[in-house]
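So you can see what is in the structure, the chains are spelled out below.
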Amino acid sequence: QVQLGESGGGLVQAGDSLRLSCGASGGDFSMYYMGWFRQAPGKEREFVAVISRSGGHTYYTDSVKGRFTISRDNAKNTLYLQMNTLKPEDTALYYCARSTLANWGQGTQVTVSS
């Protein structure tokens, strides 16, 4: 099974930016759509963004459109999420996953203060 590892989270102020990374191993990375999800304490996991195999198509949840950009580097087996103009409501543990949703990383924490 594929193994995923997220990194790049941190504590920032509203309006700041962060870039999250997700490294994949144990599978053929380029064959899968990849996505980012997030989960706040006591709440269910929420879809954030998804990207097609070659990166030509992307889709975002309405709350992050215009602020977040998902991308991938298949040569490096890495998925990215550029997050700009962060808001306190973006605070969550961020996960990456393949389109099958069968495997998840440990997550990386993003905390946005007012």
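Note: the structure precedes this text.
A short tour of the structure in this document, coming up. Bear in mind that the values here come from a model prediction, so they are computed numbers and not experimental data. (Residues numbered from 1 in each chain as written. Predicted model: local features only at pLDDT ≥ 70, side-chain atom pairs only at ≥ 80, totals over all residues. Heavy atoms only, no water.)

1. So, the overall build of the protein chain
Within the protein chain one finds zero helices and ten strands. In the protein chain, the succession of α and β elements from N to C terminus is β-β-β-β-β-β-β-β-β-β. A compact globule built from 114 residues would reach a C-alpha radius of gyration of about 13 Å, and the protein chain, at 13 Å, matches this within 12%. Per-residue burial over the protein chain gives 40% buried out of 114 residues. About 5900 Å² of surface is accessible on the protein chain, with carbon and sulfur atoms providing 47% of the total. Taking the average location of the 11 positive side-chain charges in the protein chain and that of its 9 negative ones, the two points are 4 Å from each other. (Helix = DSSP H or I, 4+ residues; strand = E, 2+ residues; numbered from the N terminus. Rg over C-alpha atoms; globule rule 2.2 N^0.38 Å. Buried < 20%, exposed > 50% of the residue type's maximum accessible area, 1.4 Å probe, protein only. Areas by Shrake-Rupley, 256 points an atom, 1.4 Å probe, with all protein chains shown as cover. Lys, Arg positive; Asp, Glu negative; His and termini not counted. Charge placed at Lys NZ, Arg CZ, Asp CG, Glu CD.)

2. A few points about the pairing of strand S7 (residues 68-73)
Consecutive side chains along a regular strand alternate between the two faces of the sheet. Along S7, the buried face is formed by Phe-68, Ile-70 and Arg-72; none of Thr-69, Ser-71 and Asp-73, which line the opposite face, is buried. As paired elements, S7 and strand S8 (residues 78-83) share six bridges and run antiparallel to each other. By the bridge assignment for S8, Phe-68 is matched with Met-83. Adjacent in sequence and paired antiparallel, S7 and S8 are bridged by four residues, among which Asn-77 carries a positive phi angle near 50°. (Pairing = 2+ DSSP bridges.)

3. Some points on the sheet that holds strand S2 (residues 10-13)
Within the open sheet, the six strands sit side by side as S2-S10-S9-S4-S5-S6. Their pairing is mixed. Because the sheet does not close on itself, it has two edges, and the strands there are S2 and strand S6 (58-60). Neighbour to neighbour, the strand axes of the sheet diverge by 25° on average, direction disregarded. Sheet topology places strand S5 (residues 46-51) next to S6; three bridges connect them, and they run antiparallel. Counted as the bridge partner of Ile-51 is Thr-58 from S6. (Axes fitted to C-alpha atoms, helices over the stretch in contact; angles between N-to-C directions.)

4. Details of the pairing of S5
Bridging between strand S4 (residues 34-39) and S5 involves five bridges; their strand directions are antiparallel. Within S5, the position partnered with Met-34 by the bridge is Ile-51. In textbook terms, the turn of a hairpin is the stretch between consecutive antiparallel strands, and for S4 and S5 this stretch comprises six residues, one of which, Gly-42, has a positive phi near 80°. Taking the residues that link successive antiparallel strands as the turn, the S5-S6 hairpin has six residues, and the phi of Gly-55 there is positive, at about 90°.

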